[in-house]
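# Descriptive structure summary
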Amino acid sequence: MRDYILKICGLTDRKQAEEIAYLGATHIGMIYFEKSPRHIDLEKIKEISTGIKGRAKSVAVVVNPAEKTVWKLLEIVDIIQFHGEESMQFVSSFPKEKVIKAFRIKDETDIEKIKPFVEENYTILIDAYSEKAYGGTGKQINPELAKKVVQMHRRTVLSGGLSPENVEKLLRQIKPYGVDASSKLEIKPGVKDLKKVKEFIERVKRFYESDS
Ligand SMILES: O=C(O)c1ccccc1N[C@@H]1O[C@H](COP(=O)(O)O)[C@@H](O)[C@H]1O
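All values derive from a computational prediction rather than experimental measurement. (Residues numbered from 1 in each chain as written. Predicted model: local features only at pLDDT ≥ 70, side-chain atom pairs only at ≥ 80, totals over all residues. Heavy atoms only, no water.)

### A closer look at the pattern of salt bridges
Under the defined criterion, the tally for this structure stands at 16 salt bridges. Notably, a salt bridge pairs K148 with E108, separated by 2.6 Å at the nearest N-O pair. Of this pair, K148 sits in helix α6 (residues 143-152) while E108 is found in helix α5 (residues 108-119), placing the two residues 40 residues apart along the sequence. E108 sits in the partly exposed class, given a relative accessible area of 43%. In this structure, E202 and K198 form a salt bridge, with 3.0 Å as the shortest nitrogen-oxygen distance. (Salt bridge = Lys/Arg side-chain N within 4 Å of Asp/Glu carboxyl O. Helix = DSSP H or I, 4+ residues; strand = E, 2+ residues; numbered from the N terminus. Buried < 20%, exposed > 50% of the residue type's maximum accessible area, 1.4 Å probe, protein only.)

### Digging into the UniProt feature "domain: N-(5'phosphoribosyl) anthranilate isomerase (PRAI)" (unreviewed entry) in the protein chain
The sites that carry the UniProt feature "domain: N-(5'phosphoribosyl) anthranilate isomerase (PRAI)" (unreviewed entry) are, in the present numbering, residues 6-202. Its end C-alpha atoms 11 Å apart, residues 6-202 is made of 37% helix and 22% strand. (UniProt positions renumbered as here; feature names shortened; annotations may be inferred.)

### Quick look at the side chain of S163
Tracing the backbone shows S163 in the loop between β7 (156-159) and α7 (167-174). A residue is classified by how much of its surface remains accessible, and S163, at 6% relative accessible area, is buried. Beyond its immediate sequence surroundings of up to four residues, S163 is in contact with K184 and F200. (Contact = heavy atoms within 4.5 Å.)

### Here we look at the pairing of strand β5 (residues 99-105)
With 7 of 7 residues buried, β5 is to be regarded as a mostly interior element. Neither face of β5 is exposed, since V99, K101, F103 and I105 on one face and I100, A102 and R104 on the opposite face are all buried. Alignment of strand β4 (residues 79-82) against β5, held across 3 bridges, turns out to be parallel. Considered in β5, the bridge of F82 is made with K101. With respect to chirality, the unit in which β5 leads through α5 into the neighbouring parallel strand β6 (residues 123-128) is right-handed. (Pairing = 2+ DSSP bridges. Right-handed = clockwise from strand over helix to strand, strands pointing away.)

### A word on the side chain of N166
Structurally, N166 can be placed in the loop between β7 and α7. Sequence-distant contacts of N166, that is, excluding residues within four places in its chain, are made with Q140 and G161.

### A few points about the sheet that holds strand β2 (residues 27-31)
The strands making up a sheet associate through hydrogen bonds between their backbones, and the pairing can be parallel or antiparallel. A barrel is described by the order of its strands in space; here 8 strands give the closed sequence β1-β2-β3-β4-β5-β6-β7-β8, paired in parallel fashion. Taken over all neighbouring pairs, the strand axes of this sheet differ in orientation by 25° on average, direction set aside. Summarising the sheet, β5 and β6 pair through 6 bridges and their orientation is parallel. Across the sheet, residue A102 finds its bridge partner in β6, namely L125. Across the face of the sheet, α5 comes into contact with β5 and β6 while running at roughly 165° to β5. Taken strand by strand, helix α8 (residues 194-209) contacts β1 (5-8) and β8 (178-181), and its axis lies near 170° from that of β1. (Axes fitted to C-alpha atoms, helices over the stretch in contact; angles between N-to-C directions.)

Set out below in structure tokens:
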């Protein structure tokens, strides 16, 4: 069986997070960014993180955070997902195995920005660019650009508007190391539709756990 990341992001409730981890998500994401409608405080992050321990890894998603905030989060979660314009100098202050660096891809020039992180073999995540928000927009990345990034770097997680309806086609086309989904699996920001989540997880697992 292949090694992969199946991350469901934007959880705000411990019970939902536990159910999603039980369904087979390998990573559960929580947003620590006050401008997001999915933002939760440190206490809630700790509660969810504790709930899923041993079943899925906990990921705190941040946007251009202060260094001390990251250290505080690393006391309660397994991984930090940097989803802003954090520099290599900043990101490299933290243990590499505890980092996912996200990039919002608009065009070829954005691929250039990824290269230093590829050279250092970071796990990266690619998302669509939006002027309106840093993430959780449901906007899809250009599949051709996504394919280029995956061909350049194996440890690339695909995100941006993934849903049960489109994930299999995109997996076959782009062949990323992992996937991450949030808003297309929601009833409203921060609340997941567990039926959609189950369907999404089943389709992703089928892709990674088949022999092809
Ligand atoms: O979800 C948010 O509100 C959010 C806020 C700030 C940065 C990242 C955020 N979410 C991340 O966005 C991508 C794509 O989400 P979607 O599936 O298109 O809704 C995903 O990696 C989330 O972790």
